[in-house]
Each structure stands twice: as C-alpha cells, then as structure tokens.
Amino acid sequence: MTGMARLGHWLRLAALLGASALLVAQTPNAAAGVNKPEPTIAQAKGDHCIKDDEYMMRHHPDLLKHQRDDTMHRGIRSGEFGLKRCMECHSSNDNGVAKTDCDTCHAFAAVKLDCWDCHAKKPAKAKVMPATASQPSPMMTSVQPGGQLQ
Amino acid sequence: MSEQNKQVHEAADGDRRDFLKVGVGLAGVALAPGVLFYGISAHGKAPDAPASTAVRWGMLIDTGKCADGCNSCTTACATENGLSGQTGPQDSQWIRKMHIKNLQTGAEHNLPMLCQHCENPPCVDVCPTGASMKRADGIVLVDRHICIGCRYCMMACPYKARSFVHEPLTDQNPEVPRGQGCVESCTFCVQRVDRDETPACVEACSKDGHMAMMFGDLKDPNSDIARAMQSYATTEVRADLGLNTGVRYQGI
Amino acid sequence: MAENVCMNRSCAKSSEFWTLLVMGGVVLLGTLAAFFYIEHHGHIVTGMDNQVVWGLPHVFAIFLIVAASGVLNVASIGSVFGKKMYKARAPLSGMLAIAMLAGGLGGVVLDLGRPDRLIVAMTHYNFKSIFAVNVLFYNGFFAIVGLYLITLMSKNLKQYSKPVGLLAFLWRLALTTATGSIFGFLVARAGYNSALYAPMFIIYSFAYGLAAFIVVQSVMYKWNNIEVDERILCRLKNLLAIFVGAGLYFTAVLHLTNIYFAKQWDFERFLLLEGGIYPLLFWGGQVLLGGVLPLLMIFSPGARKSPPRVFLAALLVLIGGHAQMYVTIIGGQAFPLNLFPGYAQSSSFFDGVVHAYTPSLWEMLLGVGGIAIAFLITVIAVRVLKFMPEDDFKDIDLDACKN
C-alpha cells in the first residue's frame, strides 16, 4: 500500500479498537455488580416469595412453564408456582388499573411478556385453593376412586 | 405454604368436617328435589391430583325440555368465561342454541350446541403444535400457551365448536385466561369441574327449571347421567364420523 | 447465443435492477404495514371470521406453495429423466422453487393469529397433524433444493446432481401430497374429505409450476432481447397442455363422484350452480381461463412460433390456478357444516346459512406480499448468479415436437 493508504488503514483500525473498548468498558463493573441499576418490586406482600429472591429471579420462567404444563395438560391445580398464586401477592390495584410486579422488572430487562394477553392481572375471586386436598362436596352422591365417601 | 398457615387450615378442616356432618343431613332433605340430582352429579378431584382416565366427563341434553327462545345456558357461559355475549361473525360463542326443523316431517327441535368433547377429536389430530389437546378425563382443551392461531382446528371441527379471538382482550376472568390470536372452545367449565362443580350452562338450565342438561361421569355406572343414558335412547350428532362424543342428545 | 445473455451484475444495467427491486420493495412494505396492523388490532380488521377462517392470504400462499413444488419439475425432468433441454433450465427452476416456497410460507406465517410464536411452531410438533408434517417437508425442501442448486451450479459437484435431483423430486412429491392432504384429511366438510386431493394437488402443481416457469423464462428472454427457439417453446407448451388437461380430468372426477352421492348434492349445487361467486370462479376462472382457453391457445396453429401466445396461455393458467384455490379454500368454508342432515338448521352462530366473505385491503396486501417475496428473491438471485438457460442445441433432439 502507499503511505497515505497505510495511514488510513491504521486510523481505521485505531477507530475500531477504540469503539470496541468503549463498548466493553463497563463490563468489569457490571460483572462485579457495581452501580447496578435495579428495578423495585413495588407491591409484594409478605417477607419473601416462595423461594428466595435470587432463586426466583433465575428460575421463575422455568417454574412457571413447568407449572403451566402441569395445570394445563395434567389438570394439577395446586402447586406453589401457579400464576394465580403469584398474583395473590404480586398484583395490585392502582386507581382501578390492575398492575403486576412483573412489569417493572421486565420493562427494565426489555423482555416483552405476552402472559397478560390472556391472563388477568388480578387474583381469582374468593376461591383460594389450599395446598392440601379439599374435602369432597357434601352434595356428591358418588365418588372418584380413592376419595372419601361423605 | 408456611407451617403456621398449614396448622390453621388443619384446625379449620376439623371444624368444617363436624359442621358438614350435621349440615349434610339438613341440606340433603331441603335440597333433594331438582337442583341436587340434575346439577350436581359430578364428582371432582383433589387439586393436586392429575386428571385421570378413570373418569370421563360427559353431558346429556334432553331436547324435549329445551325451550324455544331460552338462552340461559349461553348467557351463563358468557358470564362464567368472560365472553362478550355478542353474536357477530367474529365474536366467540362457546355454546349456542340451535333450532332445527325436519325438512320432510316438519318436526322442530331446540338444542344447545357446544364442543362435543369427542373421544377421537379431529381438532386434536390436526393441530400442528399439539395445543389442541384432550385431557385424561376426556375434556378437550386448547393450550393457549402453544397455540399459534393457525385456525386449522376450526376447519376440522365437525360441529363448528371453535372460535378465534379476533381482538385484544382485557378484563378476563382470572379463572379463564383467554386472549387475542388463539383459538378457543367450550371447556366444560374445567375450572368449575376441578372444584367439584358443574358447568355454568348446566347449572343455569337447572336453576331456570328446564332441567334439559345433565353433566357427570360417563364411566361411573352409578352416576345419574350413566343411568339415564342406559335407560333412554340417546344420539350422537354426526355419529357417522365415529368420534364417540361426550355430549349426547335425547329426543332427536 | 450464450454471449448475449446478460442479467447479472457483470454487464446488465444497474438501473433496471434497482427499479425492479424498488417495485417489489414497495409492495413488500405494504404487506408489512398490513401485517403489523393486523397483529396490533387483531384479525377483527380483516374479512375473516369464525365462519371463513382461511381467506385471501391463504389463497395466494397455498397457490405459491403448490406452484413452487411444481416449478422444480423442470429441473427434475432434466436430472431425473435425463432430458437435456430441461437440464439447461434446472438452475432457474430450482431457484424459482425456493423463491416461491419462501413467498408462500411468508404469506401463511404473516397471517397466523400469533406470529410471535413461530419458534413454538418450529419446536412443538404433533406428528399426527399433516400440517406439522408439512412444516418439516417445507424446511427439508429448502435444504435439499439448496443442495441441488449447489450441485448444478458448482464446477466440481455436477456428478451429484442426479442423485440429489432424484431426492428433490421424491421429496417434492411427498410435500405436495401432504399439502393436498391438508384438505383431504378434513373429514367433516363436504368440500374436502377426499383422498383425491393429494394426487389432484400434485397435478395442479405440475401445471402451475410449469406455467410459472414459462412466464418467468419468457420475461427473462424478452428482457434480454433473445428469441426462444421455437422447438423449445413447442415442447414446453405441449407439456403444459398435458398437465392442464390432467388437472381438468382430476377436477372432473372429483365433482362427478360428489354428484353421485346424494349427501353431496347440496354442496355441489352450491359450488357449481347457485353459489354466486363460486360457480363464476369455478367455471369462468378455473375451467375456462385456467383450462380450456390455454389448451385452445396451445394447440392453435402457429403457436410454436408465437412466444407471446404461449406466454399468455401460461399466464392464464396461473390466473385460473388462483381461481381454483379461491373456490377450493373459501368455497369449502362458505358452505355451512351440516350437523343434522335432513334438517333446516339455524342458530346465532351462522349454522345453516352460506357464509359471506369479503376480503379486506389488509388481506389483499398479505396475499400479494407472498408474490412480492418470491419476486424479490428471484430478481436478486438472477442478478447475482447466472440463471439464464444456456442451450447447447447440437445435443438436444428438438425435432420430436411436430405441432
């Protein structure tokens, strides 16, 4: 290459390296958790969730997905990780508008949720399912195998 | 759940049992006629138990008792499941009243038409992702998490039971999640069935005194519905397709 | 002759290429606008409803998918059956197959109720569903035809073009059988529910594919001011006539059989006589424009010397094909399901009545979007690589075509 072309070549390389350095400059800080901006979970009631915060943050997508398949395909409605159960603590009513704590974190992480296209943002009315088997209805005249005859 | 909560619940359970033992006798005597036998022949399952093939949910509809112009079942369905209740071409209808008239004889009948919860559902066969599914206890459902909205199941259903949600929805019933872009149909009010209750349409028909709809476990020979089906002639709509539907009709 | 060929960037005028690209791009922008509008507002803005669930986008998309599989036929006749004239046309045929399939699939995907769940569709398969089997076949088609193109156009791999060509030929037969079975497997509807749909779609694909190939080839030749040798034109047009005739035969058998069954009389009366737009499109579009007229034109005296006549015949076959898809897809849904044979039925859910369908602008944009995608891929491919058929006339037996 000619002298001028070589200079241009080096200048371009320097610019590329400089831009890359700028991009990754904050990485050590981020890895160490320094100055990390955090969303707040506004409304949750109770001291902590079913499991601790770190675990929930990491695993909640898998827990929800597993629970949804259990409920949907196998009909298991108890279980700690159902969405309705989450809504008991993590939903709130803000001037008549239902809100969930999912929104703050997900807005921060820029991960779009489509749960709320179908799921309501409020807990189910009244009937909270206990974790143990409920008593068969007194109106029943016949029983499922293994159940109790009233 | 925490230990404290569990203990409270167990104590409440004990009190509840005593109360119920006394209450059931009185309740049985007071409520025996009508509602008790027609509406509540169902038996549910524990919430932590999976649906089981030992049970098959079914419905029996006596068209002779179905009244012309009555819409209790459709209204109850819309209320329970959060449907709009509108009847435009793009509105979801999970149950509808049909009026049929024999072209040869002139005989007329009314009946509710809903998802027939077939044993061999064509909608389940054709769904590319497996979202259209049949639960172990026979209830045919759409897993809206994996439904991609291709509408092939709507092409396949012989009963036109399926609806497509054409617009974004808000204010759904928390028990019945439903939303834009997915296909849906009658679920036998699975959220109620799993709580030992009957579908809203059956309950409404009983409450109105028509008693045209009966719901129960087809596999239990002692259930009201099984005994009724043994005694009376019942038909399957489009029996020629060999689908073995869970919904049967009397009087047509 | 080969030296005059110039479509790719080594010699063709850039401005023509960019003009074509912009034209296709503008249509595609319209399609994307329609797609985002529908995704945001829901299908309530379209003419599709709970009665007619597959509309105009599917008409265009399924036509493209069927024609894509058929356009590969030209290459197959070369590689599998060894006809030299077709071998020269194989790369163009393979590329068009990929472009048209991409366009057709684009149309289907853009019309999904939840297009954001395409990944779900790619990862959850219910193999009992012929639709899911189709998805696998389409993906495999891209891979196999891509490989086939590589063997055809590379310097070193030409000896593999025959086995890969055979694989591509068998794969597309399976694929089109599966596409026809999407309708044939629907047990409940009077308009479908027939094993005949699978072979019928195969024959339709032969006809539509060859017609599409003739149209594209004619345009390319005209663009380059080259005359197609009349002996080549003769063979292509006669082959098209065979396929169009076979398509008419299958259509006739389907409807004659249906007319034989009393239970099908109502549907056939609707489709062939009383259904308004459906008989019009069937007789006027599918049979006349797509069948009888092209046959007359192809066998008219002097057709082999008249590229414009052959081009027009091929174009009519394409138009007739769209009419056929409309009648099949929408006519089959417009006729109501018969839950209680022998009874007049009515309800709040449009039982017992013919279902009306008026396509909206958004659906038309989605529909032509598939064509735009295929068009853009073709334009770019033809610019970048050499797809113009290069005929070596001393090797071809061209006197076999007498008419």
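Fair warning: this is a prediction, and the values are worked out from it, not measured in the lab.

## Comments concerning the state of the cysteines
Residues and elements named next belong to chain B.
- Taken as a whole, this structure holds zero disulfides over all chains when the rule is applied.
- Free of any disulfide, cysteine 77 has its nearest cysteine sulfur in cysteine 189, 6.2 Å distant.
- Judged by its relative accessible area of 7%, cysteine 77 falls in the buried class.
- Looking at cysteine 127, it has no disulfide partner, and the nearest cysteine sulfur is the one in cysteine 150, 6.2 Å off.

## Some thoughts on the interface of chain C and chain B
- Facing 54 residues of chain C, the contacting portion of chain B comprises 55 residues.
- Our enumeration of links across chain C and chain B arrives at three salt bridges.
- A salt bridge links C:Lys128 to B:Asp125, with the shortest nitrogen-to-oxygen separation between them at 3.0 Å.
- Those elements that provide at least two residues to the side of chain C that touches chain B are helix H1 (14–41), helix H6 (118–123), helix H7 (130–153), helix H8 (161–184) and strand S1 (343–347) of chain C.
- When its residues are assigned to classes, the side of chain C that touches chain B shows 25 nonpolar, 21 polar and eight charged.
- Of the strand pairs in this sheet, strand S2 (residues 95–102) of chain B and S1(C) are connected by five bridges, and their pairing is antiparallel. Following the sheet pairing, B:His99 is matched in S1(C) by C:Ser346.

## Thoughts on the confidence of the model for chain A
- Averaged over every residue, the pLDDT of chain A is 74; the share at 70 or more is 73%.
- Every residue in residues 127–150 of chain A scores below 50 in pLDDT, and together they form 42 contacts with partners more than four places removed in sequence or on other chains.

## Side note on a nonpolar patch on the surface
Residue and element names in this part refer to chain A.
- Together, Trp10, Leu13, Leu16 and Leu17 give the surface a local cluster of nonpolar side chains, amounting to about 440 Å² of exposed area.
- Looking at where leucine 16 falls in the secondary structure, it is placed in helix H1 (residues 3–24).
- Owing to a relative accessible area of 54%, leucine 16 belongs among the exposed residues under this scheme.

## A look at the pairing of strand S9 (residues 247–250) of chain B
Residue and element names in this part refer to chain B.
- Taking every second residue as pointing to the same face, both faces of S9 are buried, with Val247 and Tyr249 on one and Arg248 and Gln250 on the other.
- The pairing of strand S1 (residues 57–62) with S9 spans four bridges and is parallel. Bridge pairing links leucine 60 to arginine 248 in S9.

## Considerations on the side chain of B:Glu80
- Looking at the secondary structure, you find B:Glu80 in helix H2 (residues 72–81).
- Setting aside its immediate chain neighbours within four residues, B:Glu80 contacts B:Asn173, B:Val176, B:Cys189, B:Gln191, B:Arg192 and B:Ala200.

## Quick look at the nonpolar core
- B:Met59, B:Tyr152 and C:Phe183 are the most contacted members of the largest nonpolar core, which totals 175 residues.
- The residues contacting B:Tyr152, other than those within four sequence positions of it, are B:Val126, C:Trp54, C:Ile130, C:Phe131, C:Ser181, C:Ile182 and C:Leu186.

## What to know about helix H9 (residues 197–223) of chain C
All names here are of chain C.
- Between its first and last C-alpha atoms H9 spans 38 Å; for 27 residues at 1.5 Å apiece the expected length is 39 Å, and the two agree.
- Of all 27 residues in H9, 22 are buried, a share of seventy percent or more.
- At the exit of H9 stands asparagine 225, carrying a positive phi of roughly 55°.

## What to know about the sheet that holds S1(B)
Residue and element names in this part refer to chain B.
- The strand order across the open sheet built from three strands is S8-S1-S9, with neighbouring strands paired in mixed fashion. Here the strands that pair on one side only, and so sit at the sheet edges, are strand S8 (213–217) and S9. The mean angle between the axes of side-by-side strands here comes to 20°, regardless of whether they run parallel or antiparallel.
- Relative to S8, S1 runs antiparallel, the two sharing five bridges. Considered in S8, the bridge of tryptophan 57 is made with aspartate 217.
- Across the sheet, helix H6 (residues 200–207) lies against S1 and S8, angled at about 135° from S8, the strand it touches most.

## A look at the pattern of salt bridges
Residues and elements named next belong to chain B.
- All told, the structure shown has 29 salt bridges over all chains when counted by the stated rule.
- With its nearest N and O atoms 3.6 Å apart, the salt bridge here joins arginine 195 to glutamate 197.
- Given the relative accessible area of 19%, arginine 195 is considered buried.
- Here glutamate 236 makes a salt bridge to arginine 248, at a shortest N to O gap of 3.5 Å. Placement of the pair is glutamate 236 in the loop between helix H7 (224–231) and S9 and arginine 248 in strand S9, with a sequence separation of 12 residues.
- Here glutamate 236 falls in the buried class, since its relative accessible area comes to 17%.
- On the basis of relative accessible area, arginine 248 is assigned to the buried category, the value being 17%.

## Focus: the packing of helix H2 (residues 56–71) of chain C against helix H13 (residues 307–334) of chain C
Residues and elements named next belong to chain C.
- Two elements in contact, H2 and H13, have axes whose closest approach is 9 Å; the angle formed by their N-to-C orientations is 125°. The angle between H2 and H13 places the two elements in the oblique class. In the crossing of H2 with H13, the sense of the turn from one axis to the other is right-handed. Each of Leu56, His58, Val59, Phe60, Ile62, Phe63 and Val66 in H2 lies in contact with H13, whose residues at this interface are Leu318, Gly321, His322, Met325, Tyr326, Ile329 and Ile330.
- Looking at the contact of H2 with H13 residue by residue, the classes come out as 11 nonpolar, three polar and no charged.

## Brief notes about the environment of A:Cys89
- Note on placement: A:Cys89 falls in helix H4 (residues 83–90).
- For the pair A:Cys89 and A:Arg77, spaced 12 residues apart in the sequence, the C-alpha separation amounts to 18 Å.

## Observations concerning the pairing of strand S1 (residues 91–94) of chain A
Residues and elements named next belong to chain A.
- Relative to strand S2 (residues 97–100), S1 runs antiparallel, the two being bridged by four bridges. From the neighbouring strand, asparagine 93 faces S2, where its bridge partner is alanine 98.
- The hairpin formed by S1 and S2 contains two residues between the paired strands, and asparagine 95 there has a positive phi angle of roughly 55°.

Scoring rules and cut-offs
- Residues numbered from 1 in each chain as written.
- Chains lettered and ligands numbered in written order.
- Predicted model: local features only at pLDDT ≥ 70, side-chain atom pairs only at ≥ 80, totals over all residues.
- Heavy atoms only, no water.
- Disulfide = S-S within 2.5 Å.
- Buried < 20%, exposed > 50% of the residue type's maximum accessible area, 1.4 Å probe, protein only.
- Contact = heavy atoms within 4.5 Å.
- Salt bridge = Lys/Arg side-chain N within 4 Å of Asp/Glu carboxyl O.
- Helix = DSSP H or I, 4+ residues; strand = E, 2+ residues; numbered from the N terminus.
- Nonpolar A, V, L, I, M, F, W, Y, C, P; charged D, E, K, R; others polar.
- Pairing = 2+ DSSP bridges.
- pLDDT = per-residue confidence, 0-100.
- Patch = residues over 30% accessible without salt bridge, like charges linked within 9 Å, V, L, I, M, F, W, Y side chains within 5 Å.
- Areas by Shrake-Rupley, 256 points an atom, 1.4 Å probe, with all protein chains shown as cover.
- Core = buried A, V, L, I, M, F, W, Y, C linked by side-chain atoms within 4.5 Å.
- Expected span 1.5 Å × (residues − 1).
- Axes fitted to C-alpha atoms, helices over the stretch in contact; angles between N-to-C directions.
- Parallel < 35°, antiparallel > 145°, perpendicular 65-115°, else oblique.
- Left-handed = near helix turned anticlockwise from the far one by under 90°.

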